[in-house]
Amino acid sequence: MAIEVPVEHVLLVAAGLFLLGLLGVLVRRNIIFLLMSLEVMMNSAGLAFIAAGAKWGAPDGQIMFMLILALAAAEVAVALGLVLQISRRFDTLDVDAASELNG
Amino acid sequence: MDLALFWIPAAVALASTLLVITRKNAAHALIYLVVSLLSVAVIFFVLGAPFAAALEVVIYAGAIVVLFLFVVMMLNLGNTSVMRESRWLRPGMWVGPAILVSILLITMVYVIVGLPNANVTTGEMVGPKAVGNELFRPYLLAVELAGFLLLAALIGAYHLGRRYLEQRREP
Amino acid sequence: MLEYLWLVPALPLAGFFALFVTEGKLPDKIVAVIGAGSVGLAALVALGAGMEFVQSGEASYAQSLWTWMAVGNFTPSITLYLDPLSLVMSGVITGVGFLIHLFATGYMWKDHQEPEGYSRFFAYMNLFVFAMLMLVLGDNLLVLFLGWEGVGLCSYLLIGFYHRDPENGYAARKAFVVTRVGDTLMAIGLFLLFRELGSLDIQTALGDAGQLDAGMATAIGLLLLGGAVGKSAQVPLQTWLPDAMAGPTPVSALIHAATMVTAGVYLIARMKGIYDLAPVAQLAVAIVGLVTLLISSFTALTQTDIKRILAYSTMSQIGYMFMALGVGAWSAGIFHLMTHAFFKALLFLASGSVILALHHEQDIFKMGGLWRKLPVPFASMLIGSIALVAVPLTSGFYSKDAILLTAWEHGTGPWFWAGGVLAAFMTALYTTRMMVVAFLGETKTEPHDASRINMWGPLVVLAVLSIGGGWMTFSVLDDLLGAIDHIPHIHPAALVTVVLPLLGIVLGYFVFSGRMNVNSLVESSFGDALRRFWQSGWAFDWVYYRVFVKPFLWVARVNKGDVVDLAFRITAAVTRGFHHVGALTQTGRLRWYAANMAIGLIVVLLIVASV
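Since this is a predicted model, take the numbers as computed values, not measurements.

Focus on the overall build of chain B
Logical step 1: Secondary structure summary: chain B contains 8 helices and 0 strands in total.
Logical step 2: Secondary structure elements of chain B occur, N-terminal to C-terminal, as α-α-α-α-α-α-α-α.

As structure tokens, this is what we get:
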């Protein structure tokens, strides 16, 4: 099943998702929400790849999506480990608390 | 009609994502995130990528969100954290980032609409067989690299999750 | 044996490395065997190579070891070059050097100041012998310069051997800095030579020396003379040598009497081809020699420290050698270098024995009456002294006579001869003073002679050489050095040359043993002032302190903040300022970074869209 959708429509939706994710990253201070927003952004990138693949009828788009998937999985595993450490160490989930690397 | 089949899940995805980033309770946000991911999976299916759609459901909506859920449960984010969130999420905070993101949105729309060959439609079905053939031939190296990455993430997550790190805090 | 020539410098180098890498952990007896043995073996190899060389009748022998570096057409090679000059030099270095090393095994044994320094001492000494051999055997001016600086380094290290006393460190630094002045001149001279002739190979350069125009040859000659003056402690760079006596006495014997200080003589003799083209420079050599000769022999008359007397005496004898080279008595100069090495090493070692027996008392006025108590050192001193004074039939007589008689016939008139004879008279006077005051009269300090065969053995050998060294002119050295003319010793000038020193001895004996009263002369205000002027070494140190040291210290004090450094400090400050500005962007806040990335994304997209 495949329907004809103009490619720019899909890209617009991907852009919308990406920007919503970015908005979340910029606004939220809770690190859990921050990570969820990041997931949304990566997902939107995957959507753009799928759209491109569908446009050319090539499998490369889906392959890129899979690599993004692997990346997202790895990122989430490490990031959530960090979340645990941060919450233990700083006793908060505020991402601004972990600003020891300031110049 | 065809476009409606695309735009309905797209609207659901956008709306639920908006809800994800505005929730105060992390558990609620996760539920909306699942909705968002599922609707994106529908879009994948519509676009003729059933294999990607399946992976989206299984790995994103399944594994990754479950991981989030575990952490939320471990951190025991209850009513206090909801109250803290409402303290952190004052309406004024949205202004600056919203302006920034709007500018970005305008730029992106401008770039996307101005695509050199706009109005090219998608519509070709690319099944799992084609993906598998491509993935394990020319992209084999990428698969290996992804494997390395996952291994490194495994070790890193294992190490970071251990409790003893806590005891090494400086006096 | 000639093909083993490379072993001559290699053996002392090996000895140095053996002592160096073991960091003084070896037992002292093994150190002595390595330290003296390596030089002894080198002396044997040098002897064998020298005999084969003499028998072969060749003019020179070159042994090319390897090419040091190859940069364009600049390819200095490590080549050992043996000719009569370098044979005599290396014979002196290894032969006399070995005897001094042997003496030092006893002298430095359980040393009172540096009991731990036995290995260090011999490591430095072996390194010195290696560097000195490279200096004289190198067929390349770069190798020569390497050896030249190497001996300077060893001299520095050994003068400051008793480093716990800051005075000695000062003396070492003074020697280093003063000779550095000469070395700089010499380096410039070498640069000029290389620029003009395009080669630093000595034989090639000398072969091409004819291409130099007279002015350039004079300039190079004078610059090389500058280097020689610094190394050989001639006026005006002579002030370091008396202070260099702060080192152990064997060091004074080896470095500051027999070998290193004669390196300047060697350099000028080696560069004879240049000086032949530059009569002005050659005359300058003679004048430097004459001035040093007179100044230092007058100074020696007033010193009280036995080693300082010998140091000034060394300066004056090297002055003779310079004068010899300057007036054209090339072979006689080198001959005097050799005989001087014998008798001055003997004098130093004998005085070392005396000093050791008196528990490091060096003032001759606190000695007295030692001839009965220390017969071997006394006899050695006596033999060395008569050779120094050039009493007929001793080695010093033949060499000094040859120099003075050549000076007599010099084109500018008998001035050099007259100065040399006056200095010879003074030499007799101060030598007699030293002997009479230190060894005759009544005993003032009780000696403890603890010397063994390794100490008096070298004395005996050197004493024999001091007496008999001159007879070599009639056999071996004639073939080698050739041009020592057998001027008949019955000659008006020769008669004066012979008689005046004898007169000096007689006069000195009567004056200093108190048989002739000269108190009225000495105690007059003029006599006292003159004595103090002479004792200070003709006030060179006083002048140098005011002309060079004080202004330099003043500049250093004024420029404490270092003006030149300002440019670098400003650069650093500006960089640091930029760093601080840049660091402001590093807030450590994740969202701030994300916002910046978003802004960057907008910019990139706009650029992409506008293209």
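Structure's up, so let's keep going.
So, the packing of aromatic side chains
Logical step 1: Following the criterion strictly, the structure yields 21 aromatic pairs over all chains and no others.
Logical step 2: Considering the side-chain rings of C:Phe397 and C:Tyr398, the 5.5 Å spacing of their centres and the 70° angle between planes classify their relative orientation as edge-to-face.
Logical step 3: Under the relative-accessibility criterion, C:Tyr398 is labelled buried at 13%.
Logical step 4: Plain terms: the ring middles of C:Phe533 and C:Trp538 are 5.5 Å apart, the flat faces sit at 45° to each other, and that makes the pair tilted.
Logical step 5: Among the aromatic residues, those joined into a ring-pair cluster are C:Trp109, C:Tyr118, C:Phe121, C:Phe122, C:Phe161 and C:Tyr162.
Logical step 6: In this arrangement the basic side chain of A:Arg28 is found over the ring face of A:Phe33, its NZ or CZ atom lying 3.7 Å from the centre.

Structural notes on the interface of chain C and chain B
Logical step 1: The partner chain B presents 8 residues to the 9 residues of chain C that form the contact.
Logical step 2: When the two sides are added together, the surface that chain C and chain B hide from each other amounts to roughly 710 Å², 92% of it contributed by carbon and sulfur.
Logical step 3: Looking at the side of chain C facing chain B, the largest losses of area belong to C:Ile602, C:Leu605 and C:Ala609, adding up to 58% of the total buried there.
Logical step 4: At the boundary of chain C and chain B, one finds 0 salt bridges.
Logical step 5: Across the contact surface, chain C and chain B share 0 residue pairs in polar contact (both at pLDDT 80 or more).
Logical step 6: Tallied by class, residues from the side of chain C that touches chain B come to 8 nonpolar, no polar and 1 charged.

Concerning the nonpolar core
Logical step 1: C:Met132 and C:Phe322 are the most contacted members of the largest nonpolar core, which has 164 residues in total.
Logical step 2: Membership of the second largest hydrophobic core comes to 63 residues, among which are A:Ala14, A:Ala79, A:Val83 and B:Leu47.

A few points about unusual backbone geometry
Residue and element names in this part refer to chain C.
Logical step 1: Cis geometry is adopted by the peptide bond preceding Pro236, which originates at Val235 and carries an omega value of 10°.
Logical step 2: Along the chain, Pro236 turns up in the loop between helix H8 (214-231) and helix H9 (240-243).
Logical step 3: Its identity is not glycine, yet His360 carries a phi of approximately 65°, on the positive side.
Logical step 4: Considering the arrangement of structural elements, one finds His360 in the loop between helix H15 (330-357) and helix H16 (370-373).

Re a positive patch on the surface
Residue and element names in this part refer to chain C.
Logical step 1: Taken together, the side chains of Arg546, Lys550, Arg557 and Lys560 present a region of like positive charge at the surface.
Logical step 2: Looking at the element boundaries, Arg546 is found in helix H25 (residues 540-558).
Logical step 3: Arg546 sits in the partly exposed class, given a relative accessible area of 40%.

With respect to the pattern of salt bridges
Residues and elements named next belong to chain C.
Logical step 1: Under the criterion given, the structure shown has 13 salt bridges over all chains.
Logical step 2: Between Asp243 and Lys174 there is a salt bridge, with its nearest N and O atoms 2.7 Å apart. Within this pair, whereas Asp243 is found in helix H9, its partner Lys174 is found in helix H6 (residues 166-197), the two being separated by 69 residues in sequence.
Logical step 3: Looking at Lys174, the relative accessible area reads 14%, which means it is buried.

Quick notes on the interface of chain A and chain B
By convention, interface size is frequently given as the accessible area that disappears when the constituent parts associate.
Logical step 1: Listed by partner, the interface residues are 74 residues for chain A and 87 residues for chain B.
Logical step 2: Taking both partners together, chain A and chain B bury about 7700 Å²; carbon and sulfur atoms supply 77% of that area.
Logical step 3: One can count 0 salt bridges joining chain A with chain B.
Logical step 4: Contributing elements (two or more residues each) for the side of chain A that touches chain B: helix H1 (7-27), helix H2 (31-56) and helix H3 (60-90) of chain A.
Logical step 5: By residue number, the principal contributor to the side of chain A that touches chain B is H3(A), which donates 25 residues.

Examining the layout of surface pockets
Residues and elements named next belong to chain C.
Logical step 1: Roughly 790 Å³ of volume is contained in the largest pocket.
Logical step 2: Lining the largest pocket are 25 residues, with Leu301, Val511, Phe512, Val518 and Val522 sitting closest to its centre.
Logical step 3: When residues of the lining of the largest pocket are traced back to their parent elements, those giving at least two are helix H19 (415-439), helix H22 (492-512), helix H23 (519-523) and helix H24 (525-535).
Logical step 4: Split into classes, the residues belonging to the lining of the largest pocket amount to 15 nonpolar, 7 polar and 3 charged.

Considering the packing of helix H17 (residues 375-389) of chain C against helix H20 (residues 453-468) of chain C
Residues and elements named next belong to chain C.
Logical step 1: Following both chains from N to C, one finds H17 and H20 inclined at 25°, their axes separated by 9 Å at the closest point. The angle between the axes of H17 and H20 places the two elements in the roughly parallel class. As H17 packs across H20, the resulting crossing turns out to be left-handed. Where H17 approaches H20, its residues Val376, Ser380, Ile383, Ile386 and Ala387 are matched on the opposing element by Trp456, Leu459, Ala463, Ser466 and Ile467.

Observations concerning the environment of C:Ala387
Residue and element names in this part refer to chain C.
Logical step 1: Within the element layout of this structure, Ala387 appears in helix H17.
Logical step 2: We classify Ala387 as buried; its relative accessible area is 0%.
Logical step 3: For the pair Ala387 and Ala463, spaced 76 residues apart in sequence, the C-alpha to C-alpha distance is 9.4 Å.
Logical step 4: In contact with Ala387, other than residues within four places in its own chain, are Phe343, Thr394, Ser395, Gly396, Phe397 and Ser466.

Notes on empty space enclosed by the protein
Residue and element names in this part refer to chain C.
Logical step 1: Enumeration over the complete set of coordinates arrives at 4 cavities of 30 Å³ or more.
Logical step 2: Considering only enclosed or pocket space, the largest cavity measures out at about 80 Å³ in volume.
Logical step 3: Considering the residues around the largest cavity, the lining is formed by Gln238, Thr239, Pro242, Ile295, Thr299, Tyr312, Met315, Ser536, Gly537, Phe540 and Asp541.
Logical step 4: At the level of elements, helix H13 (279-300), helix H14 (306-327) and H25 are the ones that each hand at least two residues to the lining of the largest cavity.
Logical step 5: Class assignment of the residues belonging to the lining of the largest cavity gives a composition of 5 nonpolar, 5 polar and 1 charged.
Logical step 6: In this structure, the second largest cavity spans a volume of roughly 60 Å³.
Logical step 7: Lining the second largest cavity, in full, are Val389, Ala390, Phe397, Lys400, Asp401, Leu404, Ala424, Thr497, Val498 and Pro501.
Logical step 8: Among the secondary structure elements, those contributing two or more residues to the lining of the second largest cavity are helix H18 (395-408) and H22.
Logical step 9: For the lining of the second largest cavity, the residue count by class is 7 nonpolar, 1 polar and 2 charged.

Describing the packing of H18(C) against H19(C)
All names here are of chain C.
Logical step 1: Closest axis-to-axis distance for the H18/H19 pair is 7 Å, and the angle between their directions is 150°. Between H18 and H19, the crossing angle belongs to the class labelled roughly antiparallel. Two secondary-structure elements touch here, H18 through Lys400, Leu404, Ala407 and Trp408 and H19 through Phe416, Trp417, Gly420, Val421 and Thr427.
Logical step 2: Of the residues in the contact of H18 with H19, the class split is 6 nonpolar, 2 polar and 1 charged.

Some details on a nonpolar patch on the surface
All names here are of chain C.
Logical step 1: On the surface, Met1, Tyr4, Trp6, Leu65, Trp66, Trp68, Met69, Val71 and Leu146 cluster together to form a nonpolar patch covering roughly 860 Å² of accessible area.
Logical step 2: With respect to the element layout, Trp6 can be found in the segment before helix H1 (7-21).
Logical step 3: On the basis of relative accessibility, which here comes to 38%, the residue Trp6 falls in the partly exposed class.

Section: the environment of C:Thr302
Residue and element names in this part refer to chain C.
Logical step 1: In this fold, Thr302 is placed in the loop between H13 and H14.
Logical step 2: It is 8.9 Å that separates the C-alpha atoms of Thr302 and Ser536, two residues lying 234 residues apart in sequence.
Logical step 3: Ignoring anything within four residues of it in the chain, the contact list for Thr302 reads Arg433, Arg531, Trp534 and Gln535.
Logical step 4: At 2.9 Å, the side chain of Thr302 and the backbone oxygen of Thr299 are in polar contact.

Re the pairing of strand S2 (residues 77-82) of chain C
Residues and elements named next belong to chain C.
Logical step 1: Among the 6 residues in S2, 6 count as buried, and that is most of the element.
Logical step 2: On S2, burial covers both faces: Ser77, Thr79 and Tyr81 on one face and Ile78, Leu80 and Leu82 on the other are all buried.
Logical step 3: Here strand S1 (residues 61-67) pairs with S2 via 6 bridges, running antiparallel. If you follow Ser64 over to S2, its bridge partner there is Thr79.

Analysis parameters
Residues numbered from 1 in each chain as written. Chains lettered and ligands numbered in written order. Predicted model: local features only at pLDDT ≥ 70, side-chain atom pairs only at ≥ 80, totals over all residues. Heavy atoms only, no water. Helix = DSSP H or I, 4+ residues; strand = E, 2+ residues; numbered from the N terminus. Phe/Tyr/Trp six-rings, centres within 6.5 Å; stacked < 30°, edge-to-face > 60°. Buried < 20%, exposed > 50% of the residue type's maximum accessible area, 1.4 Å probe, protein only. Lys NZ or Arg CZ within 6 Å of the ring centre and 35° of its normal. Contact = heavy atoms within 4.5 Å. Buried area = accessible area lost by both parts, 1.4 Å probe. Salt bridge = Lys/Arg side-chain N within 4 Å of Asp/Glu carboxyl O. Polar contact = N/O pair within 3.5 Å; in protein donor to acceptor, adjacent residues only side chain to side chain. Nonpolar A, V, L, I, M, F, W, Y, C, P; charged D, E, K, R; others polar. Core = buried A, V, L, I, M, F, W, Y, C linked by side-chain atoms within 4.5 Å. Patch = residues over 30% accessible without salt bridge, like charges linked within 9 Å, V, L, I, M, F, W, Y side chains within 5 Å. Areas by Shrake-Rupley, 256 points an atom, 1.4 Å probe, with all protein chains shown as cover. Lys, Arg positive; Asp, Glu negative; His and termini not counted. Charge placed at Lys NZ, Arg CZ, Asp CG, Glu CD. 1 Å grid on protein atoms, 1.4 Å probe; cavity = no way out; pocket = protein on both sides within 12 Å on 5 of 7 lines; lining within 4 Å. Points joined across faces, edges and corners; volume = space filled by probe spheres on them. Axes fitted to C-alpha atoms, helices over the stretch in contact; angles between N-to-C directions. Parallel < 35°, antiparallel > 145°, perpendicular 65-115°, else oblique. Left-handed = near helix turned anticlockwise from the far one by under 90°. Pairing = 2+ DSSP bridges.

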